[in-house]
Amino acid sequence: MDLHHPFVESVALPLLLSLALTGIARGFVGAARGGLAAVIGVGGAVIAATTWMSGLSPAPTSTLSRLPWTFVAAIVAGWIAAVAGRRPAVGWLVAAAVAIAALGWLGGVRGAINGAIGSLLLAALMRAPADRADAAAALVIAALGLAAATMGAGSLALFQQALLLAAATGGAALWLWPKPRLAFGPGATVAATVCWLATAQAASQSVAIAPLTLGLLAAALLATIVTGGRHAGAVHGDRWGLGVAARAGRAALLRPLATAAIAGIIVAAAVGWQFYGGAAGPPAATDGAKPAAEDPYLK
Amino acid sequence: MTRTRLSLAASMAAGCYRPLVALLLAAAAAPAWAQLARYEIDPEHFSVGFLVEHIGYAKVLGMFRTAKGSFQFDEKSGAVSDVRIEVDTTSVFTNHRKRDDHLKGPDFLNSGEFPRMVFTAGQGKRTADRDYTLDGQLELLGKTQPVTMKARWNKSGQYEMSTLFSKAYVTGVSVRGTFKRSAFGMRYGLDNGWVGDDVELMIEFEARRQ
C-alpha cells in the first residue's frame, strides 16, 4: 500500500488518527473534559497528516510552507479556548488574535482583515451546542467545499490540505454523532475554524479562486445559526457521554444532518460558481487542436 | 659623415625609438584580464529547457520561454566569471495548458509569489580546452542552494548574419546541470513518486560581446 497516496494522506490517515487520538485523549482527560480531547484529536491529526504529506519547513518562505505553522497556532488557540471553560469570551479573544496574526502572516494586511472577518464567523460557530455535531458538520462540509474549489482552481496541494482538514474534523466528530460521547466544545471548533480560515487565505492568494466562492464557503459555516439549539451548558451536574446522550436523542442525530444539508446547499452554489461562473472558466481542451486564442505559444 | 657622427646619430635614433619599443613590449606582456569582455545573452537565441520524471513512465520536457543573462569572458585566457542567468518562471511551457497552469501554481513554481529563478556563479573552472564547471547558486522559491552546472564553449566569432552596420561578435555556449526541487521546498508529488525530484536543466545560448 502506498502510504503517500493522496487518499491515504488526505482522508484515511487524518480520519483514523483523529478518531483514535480523540478516543485516547478522552480516556485520559475524561468525558467531562471532552473538549480538550477533541482539540487533541483534531489538532494532532491535522499536524501529523500535514507533516506526512508535505513536511514542516523550519524556514518557510512560501504560503504553502507557512500554512502548517498557522495550523500549529490554531491548535494552541483551540487548547486555550478549551481550558478557558466557562469563559468563552476569553477563548474567542485568543482565537481572534491568532486568526488575525496567522492570516496576516500569510497575506499581509489583507490577510489580517480576512482574519478579523473570520473571527466573527468563529463567534457564531462557538455558539453552536457543544453536545451536538452541528459545528463539526458545518466545518466538514465547508472544508470539502474548499477542497473542491481549490482543485478547480488548479492546486492539488491545497485540495489535499482542505480534504485533510475535513477528514480530521470528521474523525473527532464521530465521537459526537450519531451518539454524543463527548463535547466537541469551543476548543476543537476554534482549532478547526482557524485552520479552515488559514487554508482559505492561502487559496485566495495562491490560485484563481473567485471571491464569491470563498465568501459562500465561509457563509456555509453559519449554517449552525439556522439549526440553532440550546447550548449544553444549560445542563448541569451531568457526566458527559451518558445522561445527556439519552436526553439529546433525536436532536443529536438529526440537527447535525440538517446543518450539513444547509451548509451543503451553500457549498454547492460556491463550487458551482467556481467551476461555471467564476475564475476557473471553461476547461481547456486536452485533445485535438486548441483554439488559437488558447495556444500559449501564440500569446 | 665621420664615424663619431654616425654613432651619435645611431644612438639618438635608438633613444627616440626606445619609448616606442618599450610601449610595444609592455603591450605584448599585458595581463590577460585586459581581454575580459562582458557578454549579454541574446534573448532570440536563448533556450532554457528541463526534464522531469513523471511517475516513471516518461520524462516531461518543458521550457521557459523568457529568460535573460550575462557573463564576463576572456577568450584569450578562457576565464569565465560573473555569470548570471535569470529565468521568468511564469513563462514555463510544456505544451499542455492545464499542466502549465499547475506548474505555475503553488504546488510547483508558485510563479505568483516567486516570478524569477536565478542562477549565479562567480568564477568558472576550466576543466578542458572548451569545458567548464560553474559552481554557483540557484535561487528558486525564495531559497538559495548551491548548484553546479557544466558548460561547453562551442564557438566564438564574428556573427555570420551580421548586418552592414553592426558587426556582432558572438559566443555560443551549451550548459547542463541537475538540481533537486525538494531542496527548494517544492515537494508536491515527491513522496508518492508521481513527479521526480531531479530537474535536468539544458541551456543553450548565443551571447553578444558588449
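Scoring rules and cut-offs
- Residues numbered from 1 in each chain as written.
- Chains lettered and ligands numbered in written order.
- Predicted model: local features only at pLDDT ≥ 70, side-chain atom pairs only at ≥ 80, totals over all residues.
- Helix = DSSP H or I, 4+ residues; strand = E, 2+ residues; numbered from the N terminus.
- Buried ≥ 20, exposed ≤ 12 C-beta atoms within 10 Å, placed from the backbone.
- Contact = placed C-beta atoms within 7 Å.
- Axes fitted to C-alpha atoms, helices over the stretch in contact; angles between N-to-C directions.
- Parallel < 35°, antiparallel > 145°, perpendicular 65-115°, else oblique.
- Nonpolar A, V, L, I, M, F, W, Y, C, P; charged D, E, K, R; others polar.
- Pairing = 2+ DSSP bridges.
- Expected span 1.5 Å × (residues − 1).
- pLDDT = per-residue confidence, 0-100.
- Bend = angle between axes of the 7 residues up to and from the residue.
- Core = buried A, V, L, I, M, F, W, Y, C linked by C-beta atoms within 7 Å.

Structural notes on the overall build of chain A
Regarding its fold elements, chain A presents ten helices and zero strands. Secondary structure elements of chain A, listed N to C terminal, follow the sequence α-α-α-α-α-α-α-α-α-α. Every one of the 299 residues in chain A was classed for burial, and the buried ones make up 58%. Within chain A, contacts between residues separated by at least 24 positions form 80% of all contacts whose residues are at least 6 apart in sequence.

Section: the overall build of chain B
In terms of regular secondary structure, chain B is built from two helices and ten strands. Put simply, chain B runs from its N terminus to its C terminus through helices and strands in the order α-β-β-β-β-β-α-β-β-β-β-β.

Examining the packing of helix H3 (residues 63-84) of chain A against helix H4 (residues 88-126) of chain A
Residue and element names in this part refer to chain A. Contact geometry of H3 with H4 gives a least axis separation of 8 Å together with a crossing angle of 175°. Of the possible angle classes, the one that applies to H3 and H4 is roughly antiparallel. Between H3, through Thr-63, Arg-66, Thr-70, Ala-73, Ala-74, Ala-77, Ile-80, Ala-81 and Ala-84, and H4, the contact on the second element is made entirely by Pro-88, Val-90, Gly-91, Val-94, Ala-95, Val-98, Ala-102, Trp-105 and Leu-106. Here the contact of H3 with H4 is built from residues that sort into 14 nonpolar, three polar and one charged.

Re the packing of helix H6 (residues 156-173) of chain A against helix H7 (residues 185-206) of chain A
Between two packed helices, the angle of one axis relative to the other and the distance separating the axes together describe the packing. Residue and element names in this part refer to chain A. It is the contact of H6 with H7, at a shortest axis distance of 10 Å, that shows an interaxial angle of 170°. It follows that H6 is roughly antiparallel to H7 by the angle criterion. Counted together, Leu-158, Gln-161, Ala-162, Leu-165, Thr-169 and Ala-172 of H6 and Ala-188, Ala-192, Cys-195, Trp-196, Thr-199, Ala-202, Ala-203 and Ser-206 of H7 form the full contact between these two elements. Residues that form the contact of H6 with H7 fall into these classes: ten nonpolar, four polar and no charged.

Points about the pairing of strand S6 (residues 116-126) of chain B
Residues and elements named next belong to chain B. The pairing of strand S4 (residues 79-88) with S6 spans seven bridges and is antiparallel. Each residue of the ladder has a partner; that of Val-83, found in S6, is Ala-121. Here S6 pairs with strand S7 (residues 131-140) via seven bridges, running antiparallel. Directly across from Val-118, in S7, lies its bridge partner Glu-139. Where S6 folds back onto S7 in an antiparallel hairpin, the turn is made up of four residues.

So, helix H2 (residues 34-54) of chain A
Across its 21 residues, H2(A) extends 30 Å between first and last C-alpha, which sits within 8% of the 30 Å expected from 1.5 Å per residue. In terms of burial, H2(A) is largely enclosed, as 18 of its 21 residues are buried.

Here's the deal with the confidence of the model for chain A
All names here are of chain A. Overall, the predicted model of chain A reaches an average pLDDT of 86, with 86% of residues at or above 70. Averaged over each element, pLDDT in chain A is lowest for helix H10 (residues 243-276) (84) and highest for H6 (97). Contacts from residues 232-247, a stretch scored under 50 in pLDDT, to residues over four places away or in other chains number 25 contacts. Note that pLDDT drops below 50 for residues 281-292; the model gives that stretch six contacts with residues more than four away or on any other chain.

Here's the deal with the interface of chain A and chain B
A common way to state how big an interface is: give the accessible area lost once the parts meet. Listed by partner, the interface residues are 21 residues for chain A and 20 residues for chain B. Contributions of two or more residues to the side of chain A that touches chain B are made by H3 and H6 of chain A. Looking at the side of chain A that touches chain B, its residues break down into seven nonpolar, twelve polar and two charged.

Considering helix H1 (residues 6-29) of chain A
Residue and element names in this part refer to chain A. For H1, which comprises 24 residues, the first-to-last C-alpha distance of 33 Å matches the rise-based estimate of 34 Å (1.5 Å per residue) to within 8%. Bending of H1 peaks at approximately 35° at the position of Ala-12, with proline Pro-14 no more than four residues after it. At the exit of H1 stands Gly-30, carrying a positive phi of roughly 90°.

Things to note about unusual backbone geometry
That bond from A:Trp177 to A:Pro178 is cis: its omega, 5°, falls within 30 degrees of zero. With respect to the helices and strands, the residue A:Pro178 is situated in the loop between H6 and H7. Despite not being glycine, B:Ile55 has its phi angle at roughly 55°, a positive value. Residue classification places B:Ile55 among the exposed positions, given that 11 C-beta atoms sit within 10 Å. One non-glycine residue, B:Asn110, lies in the positive phi region at around 50°. Since 25 C-beta atoms lie within 10 Å of it, B:Asn110 is described here as buried.

Brief notes about the nonpolar core
All names here are of chain A. Grouped together as the largest cluster of nonpolar side chains are 151 residues, with contacts concentrated most on Ala-142 and Val-194. Counting residues per element, this core draws most heavily on helix H5 (residues 134-153), at 16 residues. Setting aside residues no more than four positions away along its own chain, Val-194 makes contact with Ala-74, Ala-77, Ala-95, Val-98, Ala-99 and Ala-102.

Let's talk about the confidence of the model for chain B
Caution applies to low-pLDDT regions: their predicted coordinates should not be interpreted in detail. Residues and elements named next belong to chain B. With 81% of its residues at a pLDDT of 70 or more, chain B shows a mean pLDDT of 88. For the stretch residues 28-33, pLDDT sits under 50, and the model shows five contacts to residues farther than four places along the chain or on other chains. Per the prediction output, this complex has pTM 0.84; the corresponding ipTM is 0.81.

Concerning the environment of B:Ser182
Residues and elements named next belong to chain B. Summarising the element assignment, Ser-182 is placed in the loop between strand S9 (169-180) and strand S10 (195-209). For Ser-182, a count of 13 C-beta atoms within 10 Å translates into the label partly exposed. As for Ser-182 and Glu-113, which are separated by 69 residues in sequence, their C-alpha atoms are 18 Å apart. Beyond its immediate chain neighbours, meaning those up to four positions away, Ser-182 contacts Arg-187, Leu-190 and Asp-197.

Focus on the environment of B:Gly193
Residues and elements named next belong to chain B. Structurally, Gly-193 can be placed in the loop between S9 and S10. A residue is classified by how many C-beta atoms lie within 10 Å of it, and Gly-193, with 14 of them, is partly exposed. Put simply, Gly-193 and His-54 are 139 residues apart on the chain and 7.9 Å apart in space, counted from C-alpha to C-alpha. With residues up to four places along the chain from it excluded, the contact list for Gly-193 reads Ile-55 and Gly-56.

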